[in-house]
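A structural walkthrough
Letter by letter, the chains look like this.
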Amino acid sequence: MSQSASSASLLRWLRRLVGAEDEAPSPTVAPDDELSLATSQRRARRYADLGLPPALLEACSDEPLPVGDGRFVGREKQLEQWQAALVRWRDGRGEMQVVTGPPGSGITSLLQQMAGGVAGGEASHYGALNRRPADEADAVRLLGELLGLAEPRESVDALVDDLNSLSPRVFLVDNGHFLVSRMFGSHQAIRVFGGVMLATRQRHLWVLGCQEHAWRRLVYVHQADRDFDVPIETAFFSEAELGRCLAARLDRAGLLPGDAAEGKEKPAALHERPLSGLQKLSGGKCDLATFYFLNSLRVDPEDGQLRSEPLVELDFSVLNRLTPDELFTLTELAAHGPLHRSEHRRLFRTSVEETWLMLERLHQACLLVREDAAGDPEDDPTYRITPLFSAQISRRLGIANVLY
Amino acid sequence: MEEDTLAQLVDLLSLPRLLHIAAIAALAWVLLHLVHRGLQRLMQRFPRYRLQMGQLFPVIRILTWALVVGYVIFGIVRPPQTIVFAVLGSLGLAIGLAAQGGVRNLLAGIMMIFNPPFRVGDMVRFGGHYGEVTRLDLSVTWLRTLDDNVVMVPNAVVLDNAVANANSGELSEMVVVSIDLPRDVPLRLVRELALDAARSSPYSFLKKPITVLLEARHDLDFLVRVIIKAYVVDVRYERRLASDVTERFLDAFRAVQPDPSAQSAPPAA
């Protein structure tokens, strides 16, 4: 950046600080820095327009990584912690583990690797919560479904008896943030889950996957840290880990030479793409770094080779213009996971129209993703924080003192 | 001798010097104004740190004016020692005589800046007023009450009286909600509902404990008073939390209680 550009930017910042200039996005901002660029539809269109190789797009997919996937990197310490927990459990110590970290830090991928890495002959069962239990009976039913029990159980006692009659196994429960909510009755559901885990911990090894803010709330309100072992934490990647993460994806796409794939040489694509820039923009969040990386690639029309262009930072200034009600809505979604429109209405005690307006406004600002339930007669879509932006949104909510 | 001193003083305060002094004072005023606006913007942008930022401005202001006064005396006027001692003597006398009035408030303000009983942004109660401290001036403190009235309290009054500070420099604050119910309510259910109402409010700060107490009372009839003590995530949402918890509790209570009108209705003929 030239000196005059720096001075202009400093002057603009000072003018904004003293209120002489509005917070509106600068007109000099590049047109491809809109947040909507990160929505799945626009991303797909853009990548298609750029002509990026399908193999690269597939390798850079945001989906959780299955067991043994070569793109699973940078979690050696967590897997060591897991192996140590398995040893303790096999030695007869009742164990309950929690895997926690910020959204998008790879909790689900790690849980799937952990489930696949149980090599002592014990069975493992992975289940992901996909809704909030409404009350005690619903929690018993949901837990039974999650653990793959054929018949629903009548009570907590019956469920505990059945589980204690099974051979020892590892139960991995993902999306634990669904357990924590501000709905009436959610505390009964937490008590059911916690009670069943505690009553069967001598026989089975329980692992709960839970996003960091939901886990903190479990600790604050229910002192869950007293029952669980030291958490296995999945932080965002360091610069070196991010380099390995991107190299693994390029390797998967067949875009790395042999030496680079084995880690002996820095990948050519990453020579062109300074890792420090990606690390700075993404904060080590793999999906966001991958997004910035792909967004900067261009196919040279002359030789068909991939070329990289300077990284373009997304403009998150919309986060500074949110009202307190919008901040609280985002906080609930950031702390407790996706919400149905009806759940938002109950939670915030608003009318149908107010809820609809609030959620749609945030959706239009690309801060929320809406998932329409196919064929749902009640038209009750689900809203979740846009996964790519979860770290930026959480940071802003923290600064606004509504997320803790 | 006195005439000499007066002549020296007049000579020292020549027009160019006065203009220079005025320019410096205006510059300091503009600078402080910009710093104040900048801090206000930063406080809006980073609410989590607004109490610390709010505390900065009074210190910056007093230091700036001290520098200005120092520069004016020793950089512009440069009075001889005799004048300095004469002015200091007069000033000391004035402070001594006026200690009951404005100077007293000023001294109290300076003491409060360096040893603050509260900060800008704290929720305090004194002199029968309760509200958020919005500004700490050298001689007065400004409060914004929950009814959106602005109250000005002289600093000397603040220092002379007991001050209740609800959050003491923290952003969270305990909010107490009291609800009276008929005496024959199921107590355990009431307690559970009250806990759930406090936990389920988006404004409650779950990092700190929620307490529910029940108290027997008599007011025309025997009553049960439910006292819910919960922390609000930010003092600015204090009333919102109180109202939200009350609403949630009463709604939940009505949903589980049989309709009282049905109980009191006369039996069908």
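Before any of the text, the structure's been laid out above.
Presented here is a report on the structure given in the accompanying data block. (Residues numbered from 1 in each chain as written. Chains lettered and ligands numbered in written order. Predicted model: local features only at pLDDT ≥ 70, side-chain atom pairs only at ≥ 80, totals over all residues.)

**Some remarks on the overall build of chain A**
Per the secondary structure count, chain A includes 18 helices and ten strands. Counting over 404 residues, chain A shows a buried share of 38%. In chain A, once contacts between residues fewer than 6 apart in sequence are set aside, the share between residues at least 24 apart is 74%. (Helix = DSSP H or I, 4+ residues; strand = E, 2+ residues; numbered from the N terminus. Buried ≥ 20, exposed ≤ 12 C-beta atoms within 10 Å, placed from the backbone. Contact = placed C-beta atoms within 7 Å.)

**Brief notes about the overall build of chain B**
Each helix and strand in chain B was counted, giving nine helices and eight strands. Taking 269 residues into account, the globule formula puts the C-alpha radius of gyration at 18 Å, and chain B, at 28 Å, lies well above it. In terms of overall dimensions, chain B has C-alpha extents of about 110 × 40 × 30 Å along its principal axes. Counted over contacts in chain B with a minimum sequence separation of 6, partners at least 24 positions apart contribute 66%. (Rg over C-alpha atoms; globule rule 2.2 N^0.38 Å.)

**Quick word on the sheet that holds strand β3 (residues 169-174) of chain A**
Residue and element names in this part refer to chain A. Strand order in the open sheet made by the five strands is β2-β3-β4-β1-β5, with parallel pairing throughout. What marks the edges here is a single partner per strand, and that holds for β2 (123-128) and β5 (232-233). Bridge count between β2 and β3: six bridges; the pairing is parallel. If you follow Gly 127 over to β3, its bridge partner there is Val 173. (Pairing = 2+ DSSP bridges.)

**Some points on the packing of helix α10 (residues 239-252) of chain A against helix α14 (residues 286-296) of chain A**
For any two helices packed against each other, the geometry comes down to the angle between their axes and how far apart the axes lie. All names here are of chain A. Between α10 and α14, the shortest axis-to-axis distance is 11 Å and the interhelical angle comes to 60°. As judged from the angle between their axes, α10 and α14 are oblique. Considering how the two elements wind past one another, α10 and α14 form a crossing that is right-handed. Judged by residue contacts, Leu 242, Cys 245, Leu 246 and Arg 249 of α10 engage Cys 286, Ala 289, Thr 290 and Phe 293 from α14. Class assignment of the residues belonging to the contact of α10 with α14 gives a composition of six nonpolar, one polar and one charged. (Axes fitted to C-alpha atoms, helices over the stretch in contact; angles between N-to-C directions. Parallel < 35°, antiparallel > 145°, perpendicular 65-115°, else oblique. Left-handed = near helix turned anticlockwise from the far one by under 90°. Nonpolar A, V, L, I, M, F, W, Y, C, P; charged D, E, K, R; others polar.)

**Observations concerning the sheet that holds strand β9 (residues 368-371) of chain A**
Residue and element names in this part refer to chain A. If you trace the three strands from one edge of the open sheet to the other, you get β8-β10-β9, paired in antiparallel fashion. The open sheet has two free edges, formed respectively by β8 (339-340) and β9, since each of these has just one partner strand. Relative to strand β10 (residues 382-385), β8 is paired through two bridges, and the arrangement is antiparallel. Residue pairing for β10: His 340 is matched across the bridge by Thr 382. Sitting on the sheet, helix α15 (residues 324-336) touches β8, β9 and β10, and the angle it makes with β10 is about 85°. Its contacts with the sheet put helix α17 (residues 352-364) on β9 and β10, and the angle it makes with β9 is roughly 115°.

**Some details on helix α6 (residues 136-146) of chain A**
All names here are of chain A. If you check which residues of α6 are buried, you get Ala 139, Val 140, Leu 142 and Leu 143. Against the buried residues of α6 lie α7 (156-164) and α8 (186-200). Backbone geometry just after α6 places Gly 148 at a positive phi near 80°.

**A word on the nonpolar core**
Phe 193 and Val 207 of chain A together with Ala 194 of chain B are the most contacted members of the largest nonpolar core, which totals 107 residues. Sequence-distant contacts of Val 207 of chain A, defined by excluding residues within four places in its chain, comprise Gln 97, Val 99, Leu 111, Met 114, Val 170, Phe 171, Leu 172 and Val 173 of chain A. In this structure, Val 124, Phe 126, Leu 136 and Val 158 of chain B belong to the second largest nonpolar core, which totals eleven residues. (Core = buried A, V, L, I, M, F, W, Y, C linked by C-beta atoms within 7 Å.)

**Examining the interface of chain A and chain B**
Listed per partner, the contact involves 22 residues of chain A and 19 residues of chain B. Among the secondary structure elements, those contributing two or more residues to the side of chain A that touches chain B are α9 (212-222), α15, α16 (341-348) and α18 (390-399) of chain A. Among the elements that make up the side of chain A that touches chain B, the one with the highest residue count is α9 of chain A (three residues). Its residues assigned to classes, the side of chain A that touches chain B shows 13 nonpolar, five polar and four charged.

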